[in-house]
Amino acid sequence: MKTALVTDGRFSGTNNGCFVGHVSPEAAEGGPIAIIEDGDKVTIDIPDRNLQLHLSDQEIQDRLAKWQRPEPKFKKGYLALYSQLAESADKGAIIKHKLE
């Protein structure tokens, strides 16, 4: 397979082929899909639940060093509160007990 859909969000509609519906930690948290660029080669191992980015350790470190957390899309209201309180799925997708 040459192309797959990988997202840290949700998607709907008809699915054909390889789809990975959630990667954690999420891109917004500096997770693995945050630094993928067009043309990068990625292996998706479904049975072992693994996503491998084919870059050198140095290239990964360089990209992570340049990565910046995106600004929140919602700055007030319930979605802003949720974005402050919800943990990443790799931490159990729980609601934090206090704001940062």
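The rules behind these values
- Residues numbered from 1 in each chain as written.
- Predicted model: local features only at pLDDT ≥ 70, side-chain atom pairs only at ≥ 80, totals over all residues.
- Heavy atoms only, no water.
- Helix = DSSP H or I, 4+ residues; strand = E, 2+ residues; numbered from the N terminus.
- Polar contact = N/O pair within 3.5 Å; in protein donor to acceptor, adjacent residues only side chain to side chain.
- Buried < 20%, exposed > 50% of the residue type's maximum accessible area, 1.4 Å probe, protein only.
- pLDDT = per-residue confidence, 0-100.
- Contact = heavy atoms within 4.5 Å.
- Pairing = 2+ DSSP bridges.

(A) Focus on the environment of E29. Looking at where E29 falls in the secondary structure, it is placed in the loop between β2 (19-20) and β3 (42-45). Residues E29 and Q68, 39 residues apart in the sequence, show an inter-C-alpha distance of 9.4 Å. Looking at E29, its side chain comes within polar contact range of the side chain of R69, at 3.4 Å.

(B) Inspection of the environment of K75 at higher detail. By the element assignment, K75 lies in the loop between α1 (57-66) and α2 (78-85). Residue classification places K75 among the exposed residues on the basis of a relative accessible area of 61%. Separated by 3.2 Å, the side chains of K75 and E71 make a polar contact.

(C) Here's a closer look at the confidence of the model for the chain. Of all residues in the chain, 77% attain a pLDDT of 70 or more, and the chain-wide mean is 81. Per-element confidence in the chain is highest for α1, whose mean pLDDT is 94, and lowest for strand β1 (residues 5-6), whose mean pLDDT is 71.

(D) Looking closely at the side chain of R63. With respect to the secondary-structure elements, R63 resides in helix α1. Here R63 falls in the buried class, since its relative accessible area comes to 8%. Setting aside anything within four residues of it in sequence, one finds R63 in contact with I35, I36, E37, D40 and L55.

(E) The pairing of β3, seen in detail. With 4 bridges joining them, β3 and strand β4 (residues 50-53) adopt antiparallel strand pairing. Residue pairing across strands places D45 opposite N50, the latter belonging to β4. Counting the residues between successive antiparallel strands, the hairpin from β3 to β4 contains 4 residues, one of them, R49, with a positive phi of roughly 55°.

(F) Quick peek at the environment of A27. As for its position among the elements, A27 is in the loop between β2 and β3. Residue class for A27 comes out buried when judged on its relative accessible area of 19%.

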